[in-house]
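Results of the structural survey
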Amino acid sequence: MAMDPDAEIDHEGPVTPYRQLAEILRARIARGDWAEGRPIASETRLVQEYGLARTTVRRAIAVLVEEGVVWTVQGRGTYVGQPPAGNP
């Protein structure tokens, strides 16, 4: 499902909000909003920007981590791409 990077979350649609957010974040990365190795917006910012619960945002990020689109460092943020060698 290709989603417009500027789309809003459809809370009434057939696709769950966390899946919609994962697609939006993927599209924003593809568009170049966040460069390889650079952090994406914080969970707090995404919660505010999309009007979602923190658990929903975390679930969307987890999808992207599983797919290898982003990686996270606890307490530091979520970064685009694969972690550098030596990073978990």
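Structure report, in brief. Not measured: the values here are computed from a predicted model.

The rules we used
- Residues numbered from 1 in each chain as written.
- Predicted model: local features only at pLDDT ≥ 70, side-chain atom pairs only at ≥ 80, totals over all residues.
- Heavy atoms only, no water.
- Salt bridge = Lys/Arg side-chain N within 4 Å of Asp/Glu carboxyl O.
- Helix = DSSP H or I, 4+ residues; strand = E, 2+ residues; numbered from the N terminus.
- Buried < 20%, exposed > 50% of the residue type's maximum accessible area, 1.4 Å probe, protein only.

**Describing the pattern of salt bridges**
It is possible for side chains of opposite charge to pair when their charged atoms get near one another. This model, assessed by the stated rule, comprises nine salt bridges. The salt bridge involving Glu23 is made with Arg26; its shortest N-O contact spans 2.4 Å. Of this pair, Glu23 and Arg26 both sit in helix H1 (residues 17–31), three residues apart, which is roughly one turn of the helix. A salt bridge links Glu67 to Arg26, with the nearest nitrogen and oxygen atoms 2.1 Å apart. Taken as a pair, Glu67 in the loop between helix H3 (54–66) and strand S1 (70–73) and Arg26 in helix H1 lie far apart in primary sequence, 41 residues in all. The partly exposed category is assigned to Arg26, whose relative accessible area is 22%. Sharing partners across several salt bridges, the network here consists of Asp6, Arg28, Arg31, Asp33, Arg45 and Glu49.

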